[in-house]
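# Structural features, examined
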Amino acid sequence: MTDRAGGQRSEREQWASQTGFVLATIGSAVGLGNIWRFAYVAGENGGAVFLLVYLVFVAAIGVPLVIAELTLGRRSGADAVSAFEAGEPGSLWRFAGWLPVAGCVYILSYYTVIAGWAVKYFLGAATGALWEEAEAGYGAFFEGFIAEPFEPIAWQAVMLVIAVAVVSAGVAKGIERLNLWLMPLLALIVVALAAFAVTLPGSGAGLAFLFAPDVSQFGNPRLYVAALGQAFFSIGVGMAIFITYGGYMTRRQPIPASALIIVAGDTLFAIVAGIAIFPTVFALGGDPAAGPRLAFITLPQIFIEMPGGRLIGPAFFFLLSAAALTSIVSLMEVPVATLIGRLGLGRRPATVLIGGVSLAVGVPSALSYGVLADVTLLGLPVLDAVDFLGSNVLLPVAGLLVALAMGWRFAGRTVIAEAGLAGALGHVWLWLIKIVVPAAIVLIVVRSLTAS
Ligand code: TRP
C-alpha cells in the first residue's frame, strides 16, 4: 500500500454498520437481474436444470470472486483503479482497474433504460392507468411504448436523477441508508408475492418447471453460458462493486461470512422471485420462455385478469423499480469513487457527471426498438446485443482479471490473511481462484462465442 493510499484511508468514508454494509451489498446484487432477467433466462433454458447449473456456478465461481474483490478493496482501502495499482504498482496490472470502471458505465447505460420501463409501469399500475391504457393488450402497449422516441429516455432520466441524489449524499448517509429501509421492505414484498402465487389454482406446474429438472436438457451447451452470465450479472461480480464497497469496510468486518451472506441472499431472492413469477405464469397460461418481455407483457396481462391483480401489480413493479435503484446506486459508486480518488473531484460533481454520461451512452439502447429498430448488432436489437456482450463477455473477462490478479500476482499468505480464511479453507479458496475459476470462465466464454 502506498503512502498516498494509506493517507487517503483515514479521510475516506466508511460503512456505519456491518448490517448496513451487508444490506447495501445485497441491494447491489438484488436487482433487475433477480426478477426480470432470472425469470426470462431460466424460462428460456429449461427452468429447473438451469437453476441447478446456476447454483453450482454461484457457489464455485461467485463466492470465491466476491471474497477476492472484497479482499482487494479492503486491503487497499481505495477506489477500483487504485486498488489494482496498489496490488502491483510497477506492472501492467495497474491499469486493470479501468476496465470495470468503464464497464460500470456500460452496464448503467442500458440497465437504467430497463429500470425506466419499470418506473413507468409502477406509476401506471399504482394510478390505475396501466390497466386502462392497454385495450389492445400488453404486447401492443409495450411495443408502442418502447418504440417512442422520447418517453423511454425520459423515464431513464427519472431513474438516474434519483440515483444521483442518493449517491451524492455519500456512502453511509446515502447508499447505506437507502438500503437499510428498502431491502427489508423488498424482502417482505417478494415473499408476499410468492406466498400469493402458490395459492393460485394450477400453480403446481410452475413450481415443477422451476424445481423438477428435465435431465435431458443438461446436454444443451447454451445452458452453461446462460447460467454463467446470469451468475455474474446477478451477483454483480467482475465490475469492481465489491472492490469499491470493500474499500469502505473496517478491519473488524468479516470477509468470508459477508461474501456468503451476500451470495446466499442474492440467490434466495432470485428463487423466491421465481416462485412468485412461474406459478403465476403457468396458472394463467402464459409462456415461461417469453424472453425479456416476460415481466412487461406476460405479467401485466396476468395481473389484469387475476383476482387481487390490481394490488399485486403495483407491488410487483415497485419491487422491480426499487431493486433496480439499489443496483444502479452501486454501479454508479464505482466510477464515482474512482473520479474522487484519482482526479480529486468532489462527490456531487463526480456523481452528476457519471449520471450524465450514462444517460448519453444509453441513448442507442433506449431507442433500440423505435428509431433504431432496423439496426442490429450480432443479429440482435441494440439493447439485447449490449446486454449479451456485457453479461456473457465483459463481466466474465473482468472476473477473470480479478481472479488472475488475486490468485497469481497479489497472492500468497498476505492475501489469505487479509481475507481472514484460516487453514484449509484458505487453500481451497486460493485453488479455486487460481485454477478453477479462470479455467471455467475461459472454457465457457470460448464455447459460447464459437457455438453462436
Ligand atoms: N446485480 C444486479 C442485478 O442483479 C445488477 C448489478 C449491480 C450488476 N451491480 C452490478 C451487474 C455489477 C453487473 C456488475 O440486477
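Model, not experiment: these values are computed from the prediction. (Residues numbered from 1 in each chain as written. Predicted model: local features only at pLDDT ≥ 70, side-chain atom pairs only at ≥ 80, totals over all residues. Heavy atoms only, no water.)

### What to know about the packing of aromatic side chains
Scanning the model with the defined rule gives 26 aromatic pairs in all. Centroid distance F84 to F410: 6.3 Å. Interplanar angle 70°. Geometry classified as edge-to-face. On the criterion of sequence distance, the pair formed by F84 in helix α5 (residues 80–87) and F410 in the loop between α18 (382–409) and α19 (413–419) is long-range, its members being 326 residues apart. Each of the two residues, F84 as well as F410, counts as buried. (Phe/Tyr/Trp six-rings, centres within 6.5 Å; stacked < 30°, edge-to-face > 60°. Helix = DSSP H or I, 4+ residues; strand = E, 2+ residues; numbered from the N terminus. Buried < 20%, exposed > 50% of the residue type's maximum accessible area, 1.4 Å probe, protein only.)

### Overview of the layout of surface pockets
Computed from the structure, the largest pocket encloses a volume of approximately 760 Å³. Around the largest pocket, the lining comprises 28 residues; the ones closest to its centre are Y40, E44, L380, D384 and F388. Broken down by secondary-structure element, the contributors of at least two residues to the lining of the largest pocket are α3 (32–44), α8 (138–146), α12 (221–235), α18 and α20 (423–451). In terms of residue count, the dominant contributor to the lining of the largest pocket is α18 (six residues). (1 Å grid on protein atoms, 1.4 Å probe; cavity = no way out; pocket = protein on both sides within 12 Å on 5 of 7 lines; lining within 4 Å. Points joined across faces, edges and corners; volume = space filled by probe spheres on them.)

### Some words on helix α9 (residues 151–168)
Over its 18 residues, α9 extends 26 Å from the first C-alpha to the last, a length consistent with the 26 Å expected when each residue adds 1.5 Å. If you follow the buried residues of α9, they end up packed against α6 (98–127), α8, α10 (171–197), α16 (309–343) and α17 (347–366). After α9 finishes, the residue G170 shows a positive phi value of roughly 110°. (Expected span 1.5 Å × (residues − 1). Contact = heavy atoms within 4.5 Å.)

### Quick word on the packing of α6 against α16
To describe two helices that pack against each other, one gives the angle between their axes and the distance between the axes. Packing of α6 against α16 brings their axes to within 8 Å, and their N-to-C directions diverge by 155°. Our classification of the angle between α6 and α16 gives roughly antiparallel. Here α6 and α16 pass one another in a crossing that is left-handed. Partitioned by chemical class, the residues of the contact of α6 with α16 number 24 nonpolar, five polar and no charged. (Axes fitted to C-alpha atoms, helices over the stretch in contact; angles between N-to-C directions. Parallel < 35°, antiparallel > 145°, perpendicular 65-115°, else oblique. Left-handed = near helix turned anticlockwise from the far one by under 90°. Nonpolar A, V, L, I, M, F, W, Y, C, P; charged D, E, K, R; others polar.)

### Digging into α3
With 13 residues, α3 should reach 18 Å at 1.5 Å per residue; the first-to-last C-alpha distance of 17 Å fits that figure. Considering bend angle alone, the principal kink of α3 is centred on F38 and spans about 40°. Burial within α3 is extensive, with twelve of its 13 residues counted as buried. Considered for burial, the residues of α3 that qualify are L32, G33, N34, I35, W36, R37, F38, A39, Y40, V41, A42 and G43. (Bend = angle between axes of the 7 residues up to and from the residue.)

### What about the pattern of salt bridges?
Under the counting rule described, the total for this entry stands at eight salt bridges. Measuring nitrogen to oxygen at the nearest pair gives 2.9 Å for the salt bridge that ties R347 to E13. Residue R347 is located in helix α17, and its partner E13 is located in the loop between α1 (3–11) and α2 (18–29); the two are separated by 334 residues in the primary sequence. Accessibility expressed as a relative area gives 13% for R347, which makes it buried. (Salt bridge = Lys/Arg side-chain N within 4 Å of Asp/Glu carboxyl O.)

### Overview of the environment of E176
Note that E176 resides in helix α10. Separated by 159 residues in sequence, E176 and S17 have C-alpha atoms that sit 8.8 Å apart. With residues near it in sequence (within four places) discarded, E176 still touches W15, A16, S17, G20, F21 and V171.

None of the figures reported here should be taken as evidence of function without further support.
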